[in-house]
Amino acid sequence: MELQIAGIKRSRNYSPNQTTNDALIFLKTAQELIKLGASVNIYAEEDVNIEELKGATIFSMARGEGSIDKLMRLQESEVIVINPPQSTLNCYRTNMHKILVENDIPFPSSIAVNTSSKEQFSISDLGVKRKIWVKRGDVHAIHREDVTPAYSDEELNFLLKEYSNRGIREALLQEHIEGDVIKFYSVSGTTFFHWYYQNGNNSYKFSEGRLRDLATAAADKLGIIVYGGDAIIKSDGTIIIIDMNDWPSFAPVRNEASRVIAETVFNHAMEQSYAVETSITEKKLQG
């Protein structure tokens, strides 16, 4: 029996400056699934229909709260979704901060704040004297201003007011950490792991094994399967995770990543199909 797999494309609203790259990793994954023998039906995030998706294994790049809610309801009927919708919610910035810190994953000093609060916040609230990052507290950046440095209390509170005016309810105030910036990509349960220096700076030595261990641990605590992230390498080689990304574009390694992702989705679909067939057989024998 041909495996039925559904793919949900990410809305352009959640692909700032990455619309083409996000679309390409999605398309390549679908193509690789077809090569493996699956039948793939594609849906836009805005058009998720619960009835149409029942019974299918789903690979999803959706990030909007409405889409996530629908996928959560589908999971109640034992539908497999990769990435699981709860893991996507876990990657919303304020949620991610809480989960990683609670699980001792090295993360910058951060404070979640209500943008409509009448309280005046200060850079010193983070125990630093200058430069922090102000980041929207839910999804990853949609506009350029969604991740912005602040060098003064006046600038910080102005940014929070702007966030509030744009309907962003929460923000994460985050310590700025000096060091080399690294981006990484991986798929849980596989040997695939790729990293590179974001700006070409490679001043400090560090343990690649430690980077992979931290990325794996962070992904495990967040529940994500297809993921990427960012880390800072400090002058002493300490590694700090600064972001985790549910299903990034994998642009530098798109071809290899799409094959690994497709194999992961396909294997989950095979396991689901086997479980369903076994259940049907057992019911027939009992009847």
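This text follows the structure it describes.
Note that this is a predicted model, so its numbers are computed, not measured.

### What about the nonpolar core?
L33, F59, F192, W247, F250 and I261 are the most contacted members of the largest nonpolar core, which has 26 residues in total. Secondary structure elements with two or more residues in this core: α1 (19-35), β9 (180-187) and α8 (254-286). By size, the runner-up hydrophobic cluster in this structure holds 24 residues, among which are I182, F206, L214 and Y227.

### Observations concerning the pairing of strand β12 (residues 239-246)
For β12, the buried fraction is high: 8 of the 8 residues fall into the buried class. Bridge count between strand β11 (residues 226-233) and β12: 7 bridges; the pairing is antiparallel. Its bridge partner being in β12, Y227 is matched across the sheet by D246. Between β11 and β12, which pair antiparallel in sequence order, lie 5 residues; one of them, G237, sits at a positive phi of approximately 90°.

### Considering unusual backbone geometry
Residues I82 and N83 are joined by a peptide bond in cis, for which omega reads 0°. Looking at where N83 falls in the secondary structure, it is placed in the loop between β4 (81-82) and α4 (85-90). Its identity is not glycine, yet W247 carries a phi of approximately 55°, on the positive side. Along the chain, W247 falls in the loop between β12 and α8. Residue classification places W247 among the buried positions, given a relative accessible area of 0%.

About the criteria used
- Residues numbered from 1 in each chain as written.
- Predicted model: local features only at pLDDT ≥ 70, side-chain atom pairs only at ≥ 80, totals over all residues.
- Heavy atoms only, no water.
- Core = buried A, V, L, I, M, F, W, Y, C linked by side-chain atoms within 4.5 Å.
- Buried < 20%, exposed > 50% of the residue type's maximum accessible area, 1.4 Å probe, protein only.
- Helix = DSSP H or I, 4+ residues; strand = E, 2+ residues; numbered from the N terminus.
- Pairing = 2+ DSSP bridges.

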